[in-house]
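Here is what each chain is made of, one letter per residue.
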Amino acid sequence: MKRIIFEGQSYDCKETESILDCLTTNGVPVPSSCKAGVCQTCLMRALQGSVPPESQRGLKSTLVERNYFMACSCYPVEDMEVALSGTGAGKMPATVVALESLNSEIICVKLHPSGPFEYRSGQYVNFFRDASTARSYSLASVPKLDDCIELHVRKVPQGQVSTWIHESLSPGDTVEISEASGDCFYVPGNPDQGLLLIGTGSGLAPLYGIIRDALLQGHSGPIRLYHGSLIVAGLYLMEELRQLARECLNFTYTPCVSEGAAPEGFSPGIVLDVALKDTPRLSGWRVYLCGNPAMVNAAKKKTFFAGASMRDIHADPF
Amino acid sequence: MGDSLYNKIGGEAAVNAAVDIFYRKVLSDARISGFFEGVDMDRQASKQKAFLTLAFGGPNHYTGEDMRRGHAHLVAKGLNDSHFDAVMENLGATLTELNVPAELIAQAAAIAESTRNDVLGK
């Protein structure tokens, strides 16, 4: 008999029972469908206790890293505390360390969380203006390289949170953020695999984190970044990325502008088209897509048709 | 279990190899691609995987009722036999591409075929 903690309640799980059986028999509603460890409808997350590997078969590597499992095929080997997927993000205060302009509409917000803050570059946090108003921002920083956590915030016209961040925050202020969540990040293993990263606007934030994290972890395969905007002024971190490309031979950076003629050093056209023209066959590649939802959704389909496996496509539309 | 259809086809590894190929075929098939417009691709890929596991005779607990409920919204949009036939064709083509022997393809097709009435709400 193992003990399963769910939302503060304790349940006894018999040897022959899966966590799904245990919770549903006790009246806890957990969505499920195939009950055979395939469809992933009953996805849950372990907060405490080791996860039996057979309950993670076929899950994306980013979910396995974060202790997600399928409740229907999880027969606990020890006591566990579990949560439904997508819940359990606690809040914590953080101090604003700096607000730095990246271009005319995007700033880098550097924060110092008040307590231990675990995250992976490319995940996101919710940034609270008040108890009921929050927006998600991706983490551009790398835990081992950067002292602060860094977010790229674009000023959205009439944006309740972004306008407040741009106009009212100052260094020294205390704000509230959530724990990091999301599964768009670099997973070590397979260091020779090609990485294709495509972003628009402040969608560069998670990609900038993922690239530096991958390089830090010794990724040796090609890493190709395409960052697109309408015009050159919409891009940012160009010097830093060009410098990184000079230092790391397996990393290439292609800034793209879709309106008018492109100046020297920039590729003309839609960022997705430029990327797929350079790398038309993506079989075996890992793909990261961040930014404008229309671009991200189109890119998911196109990169999948170009040969990338669904399991290797990581997307974050915002 | 050693000589079950699922094991002969290659078990979970075969499902993983088949799912991308099958899903690409389904998505690019103009006869049925409309049913997949605006659907979350990750969730859909998991469902395709569950379907292939079922067709390969693998572990599943789907009931006819699950199939009816899961497809009712598509039947309301006009899902009919011609669309089911198209999916069957894509399933066969996927397995052929993976060099699965014809007799095993026939067995998998027979299992998939057995869900027709439930899927179409007949």
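Position labels on residues start from 1 in each chain and follow its written sequence. Going through the entries in the order they are written, you letter the chains from A and number the ligands from 1. The model is predicted, so local features are restricted to residues of pLDDT at least 70 and side-chain atom pairs to those at 80 or more, both for listing and for counting; the totals for chains, interfaces and linings are taken over all residues. Note: side-chain values were computed over all heavy atoms of the structure, leaving out hydrogens and water.

(A) Focus on the interface of chain B and chain A. The criterion used for residue contact is that any of the two residues' heavy atoms lie within 4.5 Å. Across the contact, 21 residues belong to chain B and 19 residues belong to chain A. Reported buried area values correspond to the accessible surface (1.4 Å probe) lost by two parts on association, with both partners' losses combined. Summed over both partners, the interface of chain B with chain A buries about 1,700 Å², with 55% contributed by carbon and sulfur atoms. For the chain B face of the interface with chain A, the top three residues by lost area are Arg 24, Met 41 and Asp 42 of chain B, together amounting to 32%. Each reported salt bridge corresponds to a side-chain nitrogen of Lys or Arg within 4 Å of a carboxyl oxygen of Asp or Glu. Linking chain B with chain A are four salt bridges. Two residues, Glu 37 of chain B and Lys 301 of chain A, come together in a salt bridge whose shortest N-O distance is 3.9 Å. Polar contact is the term for a pair of N or O atoms within 3.5 Å; when the atoms are in protein, one must be able to donate a hydrogen and the other to accept it, and sequence-neighboring residues count only if both atoms are side-chain atoms. Linking chain B with chain A are eight residue pairs in polar contact (both at pLDDT 80 or more). Residues belonging to the side of chain B that touches chain A are distributed by class as follows: seven nonpolar, six polar and eight charged. Gly falls in the polar group here, along with every residue not listed as nonpolar (Ala, Val, Leu, Ile, Met, Phe, Trp, Tyr, Cys, Pro) or charged (Asp, Glu, Lys, Arg).

(B) Representation of helix H3 (residues 160–168) of chain A. Burial here depends on accessible area, computed with a 1.4 Å probe over protein chains only, as a share of the maximum for the residue type. Under 20% is buried, over 50% is exposed, and the range in between is partly exposed. The helix and strand labels rest on DSSP assignments: H or I over at least four residues marks a helix, E over at least two residues marks a strand, and numbering proceeds from the N terminus. For H3 of chain A, the complete set of buried residues consists of Val 161, Ser 162, Thr 163, Trp 164 and Ile 165 of chain A. Residues of H3 of chain A that are buried sit in contact with strand S7 (106–113), strand S8 (124–130), strand S9 (133–138), strand S10 (149–154) and strand S11 (174–178) of chain A.

(C) Structural detail: the packing of aromatic side chains. Residues and elements named next belong to chain A. Stacked, edge-to-face and tilted labels apply to pairs of Phe, Tyr and Trp rings (six-membered ring for Trp) whose centres lie within 6.5 Å, assigned for plane angles under 30 degrees, over 60, and everything in between, in that order. A complete count under the given rule lists six aromatic pairs over all chains for this structure. Both rings, one in Phe 127 and one in Tyr 137, keep their centres 6.1 Å apart while their planes meet at 90°; by these two values the pair is edge-to-face. On the criterion of sequence distance, the pair formed by Phe 127 in strand S8 and Tyr 137 in strand S9 is long-range, its members being ten residues apart. Tyr 137 gets classed as buried once you look at its relative accessible area, which sits at 10%. Ring plane angle 80° and centroid distance 6.0 Å describe the contact between Phe 127 and Trp 164, whose orientation is recorded as edge-to-face. Placement of Phe 127 in strand S8 and of Trp 164 in helix H3 is noted, with a sequence separation of 37 residues between them.

(D) How the structure looks around the sheet that holds strand S4 (residues 68–70) of chain A. All names here are of chain A. In this description, strands pair whenever DSSP reports at least two bridges between them. In spatial order, the strands read S2-S1-S5-S3-S4; together these five strands make up an open sheet with mixed pairing. This sheet does not close on itself; its edge strands, each paired only once, are strand S2 (9–13) and S4. The sheet shows a mean angle of 40° between the axes of neighbouring strands, taken without regard to direction. Where strand S3 (residues 43–48) and strand S5 (residues 80–84) come together, four bridges link them in antiparallel fashion. Pairing of Arg 45 across the sheet is with Ala 83, part of S5. With axes taken as lines fitted to C-alpha atoms, and helix axes fitted only over the stretch in contact, angles between N-to-C directions fall between 0 and 180 degrees.

(E) Structural context of the domain arrangement of chain A. All names here are of chain A. Each domain span listed reflects an automatic or database assignment of domains. According to the domain assignment, chain A consists of domain 1 (2–84), domain 2 (91–178) and domain 3 (195–317). Here the C-alpha centre of domain 3 lies 23 Å away from the C-alpha centre of domain 2. Interface area for domain 2 against domain 3, summed over the two sides, is near 1,200 Å², with a carbon-plus-sulfur share of 62%. Counting the contacts that link domain 2 with domain 3 gives one salt bridge. In this structure, Asp 146 and Arg 212 form a salt bridge, with 3.2 Å as the shortest nitrogen-oxygen distance. For the pair domain 2 and domain 3, the number of links is six residue pairs in polar contact (both at pLDDT 80 or more). Looking at the side of domain 2 that touches domain 3 residue by residue, the classes come out as seven nonpolar, six polar and three charged.

(F) Molecular detail of the sheet that holds S8 of chain A. All names here are of chain A. In space, the six strands of this open sheet follow the order S9-S8-S11-S6-S7-S10, with antiparallel pairing throughout. Only two strands of the sheet have a single partner each, and these edge strands are S9 and S10. Sheet twist, expressed as the mean angle between neighbouring strand axes with direction ignored, is 40°. In the sheet, S7 pairs with S10 via six bridges, with the strands oriented antiparallel. Note that in S10 the partner of Ile 106 across the bridge is Arg 154. Strands in contact with H3 are S7, S8, S9, S10 and S11; relative to S9, the strand with the most contacts, it is inclined by about 75°.

(G) How the structure looks around the pairing of S3 of chain A. With three bridges connecting them, S3 of chain A and S4 of chain A associate as antiparallel partners. Bridging from a neighbouring strand, Met 44 of chain A pairs with Phe 69 of chain A of S4 of chain A.

(H) Representation of the pairing of strand S17 (residues 313–317) of chain A in the model. Residues and elements named next belong to chain A. Examined bridge by bridge, strand S16 (residues 286–291) and S17 share five bridges and lie parallel to one another. Along S17, the bridge assignment pairs Gly 291 with Pro 317. Viewed along the sheet, the connection from S16 through helix H7 (residues 293–305) into S17 turns out right-handed. For crossovers, right-handed means that the path from the first strand over the helix to the second runs clockwise, given strands pointing away from the viewer.

(I) Region of interest: the side chain of His 314 of chain A. Residue and element names in this part refer to chain A. Within the secondary structure layout, His 314 lies in strand S17. Overall, the relative accessible area of 3% leaves His 314 in the buried class. Excluding its chain neighbours within four sequence positions, the residues that come into contact with His 314 are Lys 60, Thr 62, Asp 183, Cys 184, Arg 286, Val 287, Tyr 288 and Leu 289.

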